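# Coordinate analysis (summary)
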Amino acid sequence: MSGPHERKLAALTDAHASLAHGGLEEVTGRRGTVFVGAHPDLERAHHPRIVGMLHARGLLEVLGSSPMRIARITEAGLLELDCGGEML
């Protein structure tokens, strides 16, 4: 299992990959509510707590209301990825 740093970096990476497709979409499934990348090649599910942490730091913006929220990467999130996620 990956640690918190790896989970946050994975969520930011998927949000970046999904930028042209809208971002991370909130969905409800067998495992409860999760965020998944809107890019068709992405299959990772991201816990809402991880998305919330990134949102609190200004790395993601969350739009809409539950259960149909979208999380998009911000300029600060892009800069964080450029730095290799060192500050996560």
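Overview of the structure. Here the structure is a predicted model, which means the values were calculated and not measured.

With that settled, the discussion passes to the sheet that holds strand 5 (residues 70-73). Reading across from one edge, 3-2-1-5-4 is the order of the five strands in this open sheet, with antiparallel pairing throughout. Of all the strands in the sheet, the pair left with one neighbour each is strand 3 (45-46) and strand 4 (60-63). Where strand 2 (residues 32-37) and strand 3 come together, two bridges link them in antiparallel fashion. The residue of strand 3 that forms the bridge with V36 is A45.

What follows concerns the environment of T74. Mapping T74 onto the fold places it in the loop between strand 5 and helix 3 (75-82). Overall, the relative accessible area of 18% leaves T74 in the buried class. On a C-alpha basis, the gap between T74 and L59 in space is 5.4 Å, while along the polypeptide they are 15 residues apart. In contact with T74, not counting residues within four places along its chain, are G58, L59, L60 and E61.

Turning to the pattern of salt bridges, a few remarks are in order. Using the criterion set out here, one finds two salt bridges in the structure. Ionic pairing is found between R44 and D14, a salt bridge with its closest N-O pair at 2.6 Å. Within this pair, whereas R44 is found in the loop between strand 2 and strand 3, its partner D14 is found in helix 1 (residues 4-17), the two being separated by 30 residues in sequence. Across the pair R69 and E26 runs a salt bridge whose closest N-O atoms are separated by 2.7 Å. With a gap of 43 residues between them, R69 in the loop between strand 4 and strand 5 and E26 in strand 1 (residues 24-29) connect regions that are remote in the sequence. With relative accessibility at 6%, the residue E26 sits in the buried group.

About the criteria used
- Residues numbered from 1 in each chain as written.
- Predicted model: local features only at pLDDT ≥ 70, side-chain atom pairs only at ≥ 80, totals over all residues.
- Heavy atoms only, no water.
- Pairing = 2+ DSSP bridges.
- Helix = DSSP H or I, 4+ residues; strand = E, 2+ residues; numbered from the N terminus.
- Buried < 20%, exposed > 50% of the residue type's maximum accessible area, 1.4 Å probe, protein only.
- Contact = heavy atoms within 4.5 Å.
- Salt bridge = Lys/Arg side-chain N within 4 Å of Asp/Glu carboxyl O.

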